[in-house]
Each structure stands twice: as structure tokens, then as C-alpha cells.
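Remarks on the overall topology
In case you want the letters, here they are:
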Amino acid sequence: MRHLIALLFPLALHAQHGLVPAPVEAVTGTDRCSLHCPWVLDAPGADTATVRIVEQELRTLLPRGGMACLLPLRITLERTSPDTLLPAEWYGLTVGANHIRVHAPTDAGLFRGTRTLVQLLEQHAPTGSIPFMRITDHPRFPWRGMHLDVVRHFWPVDFVKKYIDLLARYKMNSFHWHLTDDQGWRIEIKARPKLTEVGAWRKGSQVGPYSRLEYDSIPYGGFYTQDEIREVVAYAKARHINVVPEIEMPGHAMAALASYPHLGCTGGPYEVQRGWGVFDDVFCAGNDSVVQFLADVIAEVVELFPGPYIHIGGDECPKERWKTCAKCQQRMQDEGLSDEHELQSWLIQHIEKIIVLGYGRQIIGWDEIMEGGLAPTAAVMSWRGTEGGIAAARSGHDAVMSPGSHCYFDHYQGDPAQEPLAFGGHTPLQKVYAYEPIPAELEPDRHHHILGAQGNVWTEYILTTDHVEYMAVPRMLALAEVLWTPKEKRDEADFIRRLEDEFAQLDRLEVNASRSLYQVSVTPQQGDVPGRIDVHFRTGRTGMPMRYDHITEVLYPDAPDPRNDLEVRHGDVVDGALAIDRSCRIEAWAEGGPDGPMSRSRQAFRFNKATARPITLSVQPNERYNAGGAFTLVDGITAQVRRVNTEWLGWKEDVAITIDLGRVQDIAHIGIGALSEPHAWIHPPEHVTIMHSLDGANFLPFAAIERPKNAKGRTSYAGDRRVTARYVRLKVKGAGTIPEGFPGAGNPAWLFLDEVEVR
Ligand code: ACM
Ligand code: ZN
């Protein structure tokens, strides 16, 4: 084979060809095949769905030219004989004189090859020719998935198909359809009509940031008929994409309980929920009619979805009702179950038997299904980190990785100040691209249990299809490449270059792809002398010109060097940093991106006597909330409530903070900010003790501040008094264990702090 390539392509070049995901191997020659000639499609052995799809695409991409040609352009799709030595979904593609050939030993492989064909023609058809080339390609992982929540907000069939088109374009092969939850039941079940008559509709929706607990009263709902489900499943099948339906149990069941109240422990009444979150009312695990209900639902679901996996949810099921329900307690006694986790496991194993023995399918569930004992044949979807996936693989179960840190595309992808309201988190494109699905600590002989990964699009804060696209794209392209392309071929800079061309194709396909990648991030670092900050500028594409305005003005009368004028300096920055030592605003933007200048990133810096001064911590922050290290507390940036993952430091312990102000001086005010977001387990400190010192060894009391009542959002713990000192120390006592009545009760509370103020 090698020998033949050398003959065909005397000047072979290796290239990615602008393809996303990048192929395993692509070799390019110097000659070119004309794309002007009339074409013929020849498809020996190819499945008819693929032929129909490709024919349609060719008509758009290669309008039958009026060029007089000796020979037509022959495009061949060839199903070759089965070859078990080749990896699954393998395909080859060659371009020679008047001929483009895609070949594969499987229908799925052939379809993947045609996705490469389409991307190549999109790039080369406008130039009239395509270089000779040979591509051989196959995926790294067998499960390359995207999820879509159609409950929190509901999406029409046409949009679901468009979403599936995107999966197909990037050679993904699994669509996880989240069909039931507390806020709606979205799949018609003939044996239980109230699920959609009642359960598909809610009286209103939560609006705005979760912490505000605000709701509208606009009725909302919708569901898919079984005919529509069949239509989507067939559409996906034609693109060799498995549809994995998710029917949530035993938690996230309020829509089902509202439809059939006898399925809950208390008998209701229940309502389809307007708000997001986790609810204590769940399916009663002691009630035989629940088991019958789930069996009836599953009977229709397996009819509609022919794929190998049924997703049974299993996440976030509070055990409160079960603890006080006579039926649930009786079940535990009858079955010899020692706690409510085992009761959940009992229910899941019961359902597993129905699905596995009754229908020959497999179950997959969120990682909580491991609590109380994992069902013998279940696969695990690891979302609360990677531990669930690792534990599953170690015990011989398959796992799909979907950790919140890298695979939740409802998180922010850029600066929260420039992005639409999102769930939280900070998962920029580059972080997704850097994701490695095989956990480093997993033993090599278990790697084969990691089937792949999946990107999740939960839609609490997503109200339009445009916004779904914005959150999913381009992050799903990064994940598609992680899952398809060999690890050693992954190259972030090259991916971002290819993405630039791909944005043009996404525009043509009317996909609202996010360009947040081109936002300029404005990041402070400790300057080379105390009291000075180096501001660094960075955008997702290296070499992209960035400009900034540096605006100083009298923002605060107590700034160390108040100025009475307003000064605006304009600058070009590609490398290096801007040193600042007084309060100012910086606005920065990138130029020369595919769409011209991006929106401006704006950052205010407010200097006080502690800013950019040496700081020490008695305990380092938790690695999840330690983006900028201790310097974050003195970086001149007052953390915003929305920027939880970038501007706040988080601890589960108490902490003492000591700052050297550089010289003995008069001090009138010392304080620190803390965050209160109880729904996210973040509680304000119980108290803060502030001290001061001349020598850094002997500290005197300055102020002691107790937690204010009804602390909400950002709370300041500060004291005022006149002293002379060089050092300040703040001893912060966290809230400890989360009290009853709050989400996460019994777990350690998070302590979130930012910005020490000394004036
Ligand atoms: C989940 O995000 N609750 C699986
Ligand atoms: Zn019960």
C-alpha cells in the first residue's frame, strides 16, 4: 500500500485538510481533480439512505457544470466486503483523476466517509478543483455522544433533526434524548395517556438566575407523538446515529406524579414543576403499581427505540419520602435491604431485568446508580466527575464520560459578563478540546470499558433553538475531535485554525455558532514589584491582533494616587503585559477574526492598600475554585456573583489570610467580601476576626464581624477604626456543615471569598 501511495503521489504532503474532526491519516498529491465537469454518483452496495443523502448534498455542492469535459467526474461510494481486521466505522477516501472514491466495509463507515467527502467538497468546490489525496480514517472511541434536554425547554422535531445533522457532520454517533423530568413528560405513552395530557404541561417557568427564585405564569409545554419519535429515530438511523432515550427514575419524576399521583409515596397532589432543581417527591419504590407503570412505559419505549441502550436516569433522587413511607419501608424489610440506597438499587435492578431479559437491551444510568450496588449489566454515565466512570470500569462495567467540568455545555464558554445567563461553571472551548476521556489513574487493562464521552445540553437557561446552537457549537466540535482523532494528532492551534473556515460553513447552514473563543481575556498577575499588577491579554487564536483602551479617571476618591483628569491610552498588545498601579478600567478586543472586531471585554481594577501586596494563606483553596491562586484576593478585581469559577476562591475549611502592606501606615478600614448562594452550597462565613500588626509577629485585634442576618449574594465583612500597622490578618470561620432545610444539608458548606480591602 505504502508503495502505491508513493507512486500515485510523488510529492506527498500530510495535511488535515481543514477537516473536523481531523482524520487519522491524510496524504495529498500535487495534481488536482477538476470539480467543473458533470458528475455521476455510482454507489455499489451502499445503503439507500446514504445514497439519497449524498445525492442531495452533491446537487447543492456541485451544480452540474456546463463545462465540456472528456470524462465526467465519477464519485463512487463503495461498500467493500466485510473486513473484521479494520476498526469499526473505518473508511477510506481517494481523489484521483476524474474520480473520488469513498469505500468502507460497513454502512456506518461508508456514511462517516461521506461526511469527509462533503467537508472536502465544501472547501474545494469554490476553487473548481481538489488535490489528489488518500485518507484512511476511523474513530478512537465507539461512543461519541451529544445529549439534549427537551424538558426544561421543548424543541420541535425539525430542530431535533437539525441537531442530529450537526452530530452527523462531526461523525458523532449517539444522541441522548432527555425526555422526562420534573418540568415535563415529553413522550407519548399510549398506555398512560395522562403523562402527556397532564404531565407535558406546566403553569409557568422559572425565570432569571436560580437564586432569585422568580417564576412567570405563562403556561408551557409540549410532547412528541409516537409518530414523531419514529420519524426522528429513522432520521438518526439514516445517519448511523443511535438514539438513547432517557426515562428518569426514581427521581426527577414530578411530571409523572402529577399525571398519576398514586405513583408517589404520599399520593399527592403533585404539580408539574415550574422551577429547576431537585425535588423530594419521587416514584414510590414500595408500590407495585410503580413497577407496573415503569414496565408499561418501557414496553412502548423499546418499541420506539431500536438501539442497544435505554437510559434510566437514576440521578439526584432524594430519599426523604422513602424514609417515612410505610410501603417503601415494608419493601426494604421484605427484600432485606439495609438502607434507602439499596432500595434505589433494588428498583433499578428490577427495571434492568425487564430491559435486559425481556427485551435484550442494556441499561445505562447516571453515576448515582452505583450507590447501593450497581445492577449487574448496567453501563454508567459519569457526570459528577470521573470517579463514577473509574469505579464502573474497575468493576468490569462500561462507562461513558460526561463530567461536569468538561462536558456540560450549559456552562459558560466565555466571560460571564459577556455571555447570556448560563447555569454556571466555566468551560471554554479549549478546555473541552483538552479533555482526555481515559482517566489518568485508570489501569490500562480497563481502558476498553471507557466507551467514549458525551456533551450535555441542559436547557433551564436556554429558551430558543438559536441559543441551543450557541451553547453546543463549537464546543461539540472540540469534543467530536477528542473522540474521533488519535490523541497524538490533537493540536489545539491547528483545530482553532480549521474552526475559522468551519464557522463560514456553519453560517451557511444557519447554525448560530458561538464566537466566544475570540473574546479577549484580561487576566491580572502579580507585577514585578509589590503594588503593581501586570495585566495580560489573551484570545483563543494565537497571533490575532488585540487592541486595548486603558482608561484612568477618578473612580474612587481613596485611590492611592488620585488623578483629577481622565486619560485614555490606546494600545496594540499581542504579547507581553500592561503594568498598572492605580485604579483604572481596561477595555480589550480582538481584531481580524472571521467576523471583524469582537465585543469588548471590560475590566475595572480598583486599587487599595492591600492590592498586589504579598499575601499568604493558612490553607490553599480547593482545586476546583482556585483559578488565580491567593493573588485573586488582592488582584484589584471585586468578584462578581456570576463569576464563581474565575473570580472567587473556594474552601471547605476555615482560612487565615495575611497581607504585608509594605510599610507601616495609617489604616481606617479592613474588610473582605464573601458569597452567599445557599442553593449552590455556598454559605457566608460564621465570623471573620480581623487583626493588625507592626512586625508581622504580634497581632492586635482590629474588628470581629458576625454573619449578617439574611446575607444574600455578595456580603462584606469589614470593620472601621484608626490604627497604624504594616500587616493585616483576616481569620475566616466558615459555616461548617450545611444546616437542615438547605440544599446539601449535612455536607460541608463552601466558603467563597474575594478581595481584601484595606483603606
Ligand atoms: C445530571 O446532570 N443531573 C445528570
Ligand atoms: Zn414510598
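Residues numbered from 1 in each chain as written. Chains lettered and ligands numbered in written order. Predicted model: local features only at pLDDT ≥ 70, side-chain atom pairs only at ≥ 80, totals over all residues. Heavy atoms only, no water.

1. Looking at the coordination of the zinc ion (ligand 2)
- Looking at the zinc ion (ligand 2), one finds its protein donor set to be Cys265 (SG), Cys284 (SG), Cys325 (SG) and Cys328 (SG), positioned 2.2 to 2.4 Å from the metal centre.
- Here the donor residues for the zinc ion (ligand 2) map to a single chain with the spacing C-x18-C-x40-C-x2-C. Taken together, the residues Cys265 in the loop between helix H7 (254-259) and helix H8 (288-304) and Cys325 in the loop between helix H9 (320-324) and helix H10 (326-335) connect sequence positions 60 residues apart.
- By relative accessible area, which is 15% here, Cys265 ends up buried. (Donors = N, O, S within 2.8 Å, 3.2 Å for Na, K, Ca; no water. Helix = DSSP H or I, 4+ residues; strand = E, 2+ residues; numbered from the N terminus. Buried < 20%, exposed > 50% of the residue type's maximum accessible area, 1.4 Å probe, protein only.)

2. Digging into helix H6 (residues 226-238)
- With 13 residues, H6 extends 18 Å from end C-alpha to end C-alpha; this agrees with the ideal 18 Å at 1.5 Å per step.
- Inspection of H6 places Gln226, Ile229, Val232, Val233, Tyr235, Ala236 and Ala238 among the buried residues, and these make up the whole buried set.
- In this fold, the buried residues of H6 make contact with helix H2 (48-61), helix H3 (107-124), helix H4 (157-169), strand E9 (174-178), strand E16 (242-249) and H8.
- The positive-phi residue at the C-terminal boundary of H6 is His240, with phi of around 55°. (Expected span 1.5 Å × (residues − 1). Contact = heavy atoms within 4.5 Å.)

3. A short note on the sheet that holds strand E25 (residues 567-573)
- Read across the open sheet, the four strands follow the order E25-E24-E27-E28; overall the sheet is antiparallel. Lying at the two open borders of the sheet, with one neighbouring strand each, are E25 and strand E28 (601-605). The sheet shows a mean angle of 20° between the axes of neighbouring strands, direction not considered. (Pairing = 2+ DSSP bridges. Axes fitted to C-alpha atoms, helices over the stretch in contact; angles between N-to-C directions.)

4. Observations regarding the confidence of the model for the chain
- Summing up the model confidence of the chain, the mean pLDDT is 93 and the portion of residues at 70 or higher is 94%.
- Below pLDDT 50 for its whole length, residues 1-7 participates in four contacts with residues either more than four positions away or in separate chains. (pLDDT = per-residue confidence, 0-100.)

5. Structural notes on the pattern of salt bridges
- Considering all chains together, one arrives at 43 salt bridges under this definition.
- Between Glu469 and Lys162 there is a salt bridge whose closest N-O contact spans 2.8 Å. Taken together, the residues Glu469 in helix H15 (residues 465-472) and Lys162 in helix H4 connect sequence positions 307 residues apart.
- Shared partners join several salt bridges into a network, and the residues in it are Asp549, Arg585, Glu587, Arg600 and Arg602. (Salt bridge = Lys/Arg side-chain N within 4 Å of Asp/Glu carboxyl O.)

6. A short note on the packing of aromatic side chains
- Taken as a whole, this structure holds 21 aromatic pairs when the rule is applied.
- Residues Phe159 and Tyr163 carry aromatic rings whose centres are separated by 6.2 Å and whose planes lie at 45° to one another, so their mutual orientation is tilted. A residue pair is termed a helical-turn pair when its members lie 3 or 4 positions apart in one helix, as Phe159 and Tyr163 do in helix H4 at four residues. For the pair formed by Phe159 and Tyr163, the shared burial category is buried.
- Between the NZ or CZ atom of Lys171 and the centre of the ring of Trp484, over which it lies, the distance is 5.7 Å.
- Stacked on the ring of Phe503, the Lys or Arg Arg515 has its end atom at 4.3 Å from the ring centre. (Phe/Tyr/Trp six-rings, centres within 6.5 Å; stacked < 30°, edge-to-face > 60°. Lys NZ or Arg CZ within 6 Å of the ring centre and 35° of its normal.)

7. Considering the nonpolar core
- Ranked by size, the top nonpolar core spans 174 residues in total, and within it Trp177, Phe537 and Ile657 carry the most contacts.
- It is H8 that provides the largest number of residues to this core, a total of nine residues.
- Ile657 has contacts with Ile615, Thr616, Leu617, Leu633, Ile672, Val728, Arg729, Leu730, Val732, Leu753 and Val756, leaving out every residue within four places of it along the chain.
- One finds Leu19, Ala26, Cys33 and Leu121 within the second-largest nonpolar core, a separate group that totals 30 residues. (Core = buried A, V, L, I, M, F, W, Y, C linked by side-chain atoms within 4.5 Å.)

8. Regarding the sheet that holds strand E26 (residues 577-580)
- On the basis of which strands lie adjacent, the open sheet formed by three strands has the order E22-E23-E26 and antiparallel pairing. What marks the edges here is a single partner per strand, and that holds for strand E22 (521-526) and E26. The mean inter-strand angle of the sheet, taken between neighbouring strand axes irrespective of direction, is 30°.

9. Details of the packing of H4 against H15
- Axis separation between H4 and H15 bottoms out at 11 Å; the angle between their running directions is 20°. Comparing the axis directions of H4 and H15 gives the class roughly parallel. In this structure, the crossing between H4 and H15 has a hand that is right-handed. Mapping the contact onto sequence places Phe159, Lys162 and Tyr163 in H4 and Thr465, Val468, Glu469 and Ala472 in H15. (Parallel < 35°, antiparallel > 145°, perpendicular 65-115°, else oblique. Left-handed = near helix turned anticlockwise from the far one by under 90°.)

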